[in-house]
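# Structural description and commentary
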Amino acid sequence: MEIKIQDIEHIRDAARDFVQQIGSHKVFAFYGKMGAGKTTFIKAVCEELGVDDVITSPTFAIVNEYQPASSPTSIYHFDFYRIKKLEEVYDMGYEDYFYSGSLCFIEWPELIEELLPDDAVRVDIIEQSDGTRLVAF
């Protein structure tokens, strides 16, 4: 599936389309270059899922937890950009998150790829030459 984001003004429309396609999947691995819009898109997806909290990149915290207003289950947002060794991910107890049944949105999954669940959904965000973004999953 592919979703095209024309510009930042239309990101919520793209996020809405993405949410409609989530189905029963729980773990989403977001791939894309620095500045491709991973955090911005995840923020829009979380807002579409009913998160009222301030949604920011968990670059320094590694994981942020959000609570949608209409759901008893949390959403976990990871940013593994600063991970130097897999031991750091083991120490944070990644299994408790990835296998919790909660939605997990992961930025920089290529740094922990061997730890991703087999059923993780790969999501590529690709900046096009015209400035639009393509979300492919």
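A brief report on the enclosed structure follows. (Residues numbered from 1 in each chain as written. Predicted model: local features only at pLDDT ≥ 70, side-chain atom pairs only at ≥ 80, totals over all residues. Heavy atoms only, no water.)

Before going further, it helps to examine the overall build of the protein chain. Scanning the protein chain for helices and strands turns up four helices and seven strands. Taking 14 Å as the expected radius of gyration for a compact globule of 137 residues, we find that the protein chain reaches 14 Å, a close match to that expectation. Across its three principal directions, the C-alpha atoms of the protein chain cover 40 × 35 × 25 Å. For the protein chain, the residues scored as buried account for 46% of the 137 residues in total. For the protein chain, the share of sequence-separated contacts (at least 6 apart) that also reach a separation of at least 24 residues comes to 57%. With the model as given, the accessible surface of the protein chain reaches about 7300 Å², and the carbon-plus-sulfur share is 47%. (Helix = DSSP H or I, 4+ residues; strand = E, 2+ residues; numbered from the N terminus. Rg over C-alpha atoms; globule rule 2.2 N^0.38 Å. Buried < 20%, exposed > 50% of the residue type's maximum accessible area, 1.4 Å probe, protein only. Contact = heavy atoms within 4.5 Å. Areas by Shrake-Rupley, 256 points an atom, 1.4 Å probe, with all protein chains shown as cover.)

Relative to the assigned elements, Ile75 resides in strand E4 (residues 75-79). Its relative accessible area of 2% is what places Ile75 among the buried residues. When the C-alpha positions of Ile75 and Cys46 are compared, they lie 7.9 Å apart, and in sequence the two are 29 residues distant. Apart from residues no more than four positions distant in its own chain, Ile75 is found in contact with Cys46, Leu49, Val51, Asn64, Glu65, Tyr66, Pro68, Leu103 and Phe105.

We note that Ile62 has phi near 75°; this positive angle belongs to a residue other than glycine. Assignment of secondary structure puts Ile62 in the loop between helix H2 (38-48) and strand E3 (63-66). Phi angles above zero are rare outside glycine, and Trp108 is one such case at about 60°. Inspection of the secondary structure puts Trp108 in the loop between strand E5 (103-107) and strand E6 (121-127). Residue classification places Trp108 among the buried residues on the basis of a relative accessible area of 13%.

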